[in-house]
Structures are given as structure tokens and as C-alpha cells.
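# Tertiary structure, described
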Amino acid sequence: MAEQPTHPISDIDQHPDIAALRARYDWAVQRPSGQTVSGLAFLSGLYLAISSWVVGFFGHTTLTVNNLVTGIAVALLAAGIASANGRIHGLAWVLPIIGVWTIIAPWVLPPHGAGASSIVNNVVTGAVILVIGVACASLGRMSKRRR
């Protein structure tokens with residue numbers, strides 16, 4: 001039989017470097033710039049979720065469902081970044097990808113006859129989410145330089 005180790009295997013979450021990294025990300029999101037970025041991301045996600053009804057293109061079912069689902073995803077990611085950036089910072093790169101998807105969705109999703117209002121709405125909202133997503137993803141790097 002194999003012998004059991006006499007010392008417990010350390011949990012990676014308890015490593016001092018991991019704790020310092022999480023503290024740096026949490027510090028970055030608690031600054032006013034971090035709060036602004038995560039708040040704007042949350043509001044952008046909420047707007048994207050309801051944009052079909054605000055702009056009035058809810059007749060395009062696939063685009064409406066897409067905007068609802070991706071908007072909720074953006075809002076949840078932004079809430080996670082605002083509350084636990086030290087643990088969720090690795091997912092911040094998803095926000096710019098959702099922004100790009102939001103921009104191209106009116107042309108990719110069937111039916112391809114999306115109206116001008118839905119195209120303009122998605123392009124502008126997607127561009128905002130793309131820019132805010134890049135800012136969210138770079139929060140930890142900014143804190144390293146400005147500390």
C-alpha cells in the first residue's frame with residue numbers, strides 16, 4: 001500500500017502570490033475609475049437586454065432573444081467584476097467579444113432583413129460594450145502601474 005503524505009497538500013488559493021493578485025484586482029475595481037467602468041458595463045448590459053422593446057424591433061425574434069441573453073450575460077459579468085474582480089477578472093475578456101458579437105449579430109442571425117433601427121442600435125451598443133469591456137479587462141494592469 002502507498003503511504004499517505006504526512007503534510008497536507010496546500011491549496012493554490014492560499015498561495016501569497018494569488019492572494020496579492022486578487023487584492024490588486026479588488027483594489028482596482030474599488031477605485032472611482034473601476035466603479036465607473038463596471039457600472040457602465042452593467043448599465044450597457046441592461047440596455048442591451050431591453051433594447052428590442054425600447055427601439056421597437058421585437059418582431060425580429062432571433063435578434064430580440066440574442067440581445068436579451070447577451071445583455072443579461074454582460075450585466076452579470078459586470079456585476080461579478082464589480083463585486084469580486086479578484087476572482088472573476090479572468091472572464092473580463094468575454095465582454096469585448098460580446099461587444100463584437102452584438103455589432104455583427106444583425107447581419108449574422110436569421111432573418112437577415114433587420115431594419116435600420118436595429119442595426120444602428122446593435123452597432124452603437126456593441127461598440128460601447130467593446131470599449132467598456134477592454135477597460136474592464138485592463139483594470140488590473142492599470143492598478144499595477146498607478147499604485
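In this text the structure is predicted, and so the values were computed from the model without any measurement.

### Some remarks on the overall build of the protein
- Check the secondary structure of the protein and you find 6 helices and 0 strands.
- Each helix and strand of the protein, ordered N terminal to C terminal, gives the series α-α-α-α-α-α.
- Within the protein, residue pairs in contact and separated by at least 24 positions form 67% of the contacts whose partners lie at least 6 positions apart.

### Thoughts on the nonpolar core
- Ala 41, Val 74, Leu 77, Ile 81, Leu 95, Ile 132 and Cys 136 are the most contacted members of the largest nonpolar core, which has 15 residues in total.
- Of all elements in the fold, only α2 (32-55), α3 (61-88), α4 (94-108) and α5 (116-137) reach the threshold of two or more residues within this core.
- If one sorts the elements of this core by residue count, α3 sits on top with 5 residues.
- Ignoring any residue separated from it by four or fewer positions in sequence, one finds Ala 41 in contact with Val 74, Ala 78, Ile 132 and Cys 136.

### Some words on α5
- With 22 residues, α5 should cover 32 Å at 1.5 Å per step; its first-to-last C-alpha distance of 31 Å lies within 8% of that length.
- Looking only at α5, the buried set comprises Ser 118, Asn 121, Asn 122, Thr 125, Gly 126, Ile 129, Ile 132, Gly 133 and Cys 136. Viewed along the axis of α5, the buried residues span an arc of 140 degrees, placing them on a single side of the element. For α5, exposure combined with an orientation more than 90 degrees from the buried face picks out Ala 116, Val 120 and Val 131.

### Some remarks on the side chain of Asn 122
- Note on placement: Asn 122 falls in helix α5.
- Taking relative accessible area as the criterion, Asn 122 reaches 0% and is therefore assigned buried.
- Aside from chain neighbours lying at most four places away, what touches Asn 122 is Phe 57, Leu 63, Asn 67, Thr 102, Ile 103, Ala 105 and Pro 106.

### Focus: the environment of Ala 105
- By secondary structure assignment, the location of Ala 105 is in helix α4.
- Residues Ala 105 and Asn 122, 17 residues apart in the sequence, show an inter-C-alpha distance of 7.7 Å.
- With residues up to four places along the chain from it excluded, the contact list for Ala 105 reads Leu 63, Asn 66 and Asn 122.

### So, the confidence of the model for the protein
- Per-chain confidence: the protein averages 80 in pLDDT, with 67% of residues scoring 70 or above.
- The secondary-structure element of the protein with the lowest mean pLDDT is helix α6 (residues 139-146), recorded at 55, while α4 shows the highest, at 95.

### Observations regarding the packing of α4 against α5
- Closest axis-to-axis distance for the α4/α5 pair is 7 Å, and the angle between their directions is 170 degrees. One element, α4, and the other, α5, form an angle in the roughly antiparallel class. Relative to α5, α4 is oriented so that their crossing is left-handed. When α4 is examined against α5, the residues Leu 95, Pro 96, Gly 99, Val 100, Thr 102, Ile 103, Ala 105, Pro 106 and Trp 107 are found in contact with a partner set consisting of Ser 118, Ile 119, Asn 122, Val 123, Gly 126, Ala 127, Ile 129, Leu 130, Gly 133, Val 134 and Cys 136.
- Considering only residue class, the contact of α4 with α5 consists of 14 nonpolar, 6 polar and no charged.

### Concerning a nonpolar patch on the surface
- Taken together, Tyr 47, Ile 50, Trp 53, Val 54, Val 55, Val 65, Leu 68, Val 69, Ile 72 and Leu 76 make up a surface patch of nonpolar side chains, about 880 Å² in accessible area.
- Those elements that provide at least two residues to the nonpolar patch are α2 and α3.
- Residue placement: Ile 50 occurs in helix α2.
- Under the relative-accessibility criterion, Ile 50 is labelled partly exposed at 45%.

Procedures and definitions
- Residues numbered from 1 in each chain as written.
- Predicted model: local features only at pLDDT ≥ 70, side-chain atom pairs only at ≥ 80, totals over all residues.
- Heavy atoms only, no water.
- Helix = DSSP H or I, 4+ residues; strand = E, 2+ residues; numbered from the N terminus.
- Contact = heavy atoms within 4.5 Å.
- Core = buried A, V, L, I, M, F, W, Y, C linked by side-chain atoms within 4.5 Å.
- Buried < 20%, exposed > 50% of the residue type's maximum accessible area, 1.4 Å probe, protein only.
- Expected span 1.5 Å × (residues − 1).
- Arc of directions from axis to C-beta.
- pLDDT = per-residue confidence, 0-100.
- Axes fitted to C-alpha atoms, helices over the stretch in contact; angles between N-to-C directions.
- Parallel < 35°, antiparallel > 145°, perpendicular 65-115°, else oblique.
- Left-handed = near helix turned anticlockwise from the far one by under 90°.
- Nonpolar A, V, L, I, M, F, W, Y, C, P; charged D, E, K, R; others polar.
- Patch = residues over 30% accessible without salt bridge, like charges linked within 9 Å, V, L, I, M, F, W, Y side chains within 5 Å.
- Areas by Shrake-Rupley, 256 points an atom, 1.4 Å probe, with all protein chains shown as cover.
- Salt bridge = Lys/Arg side-chain N within 4 Å of Asp/Glu carboxyl O.

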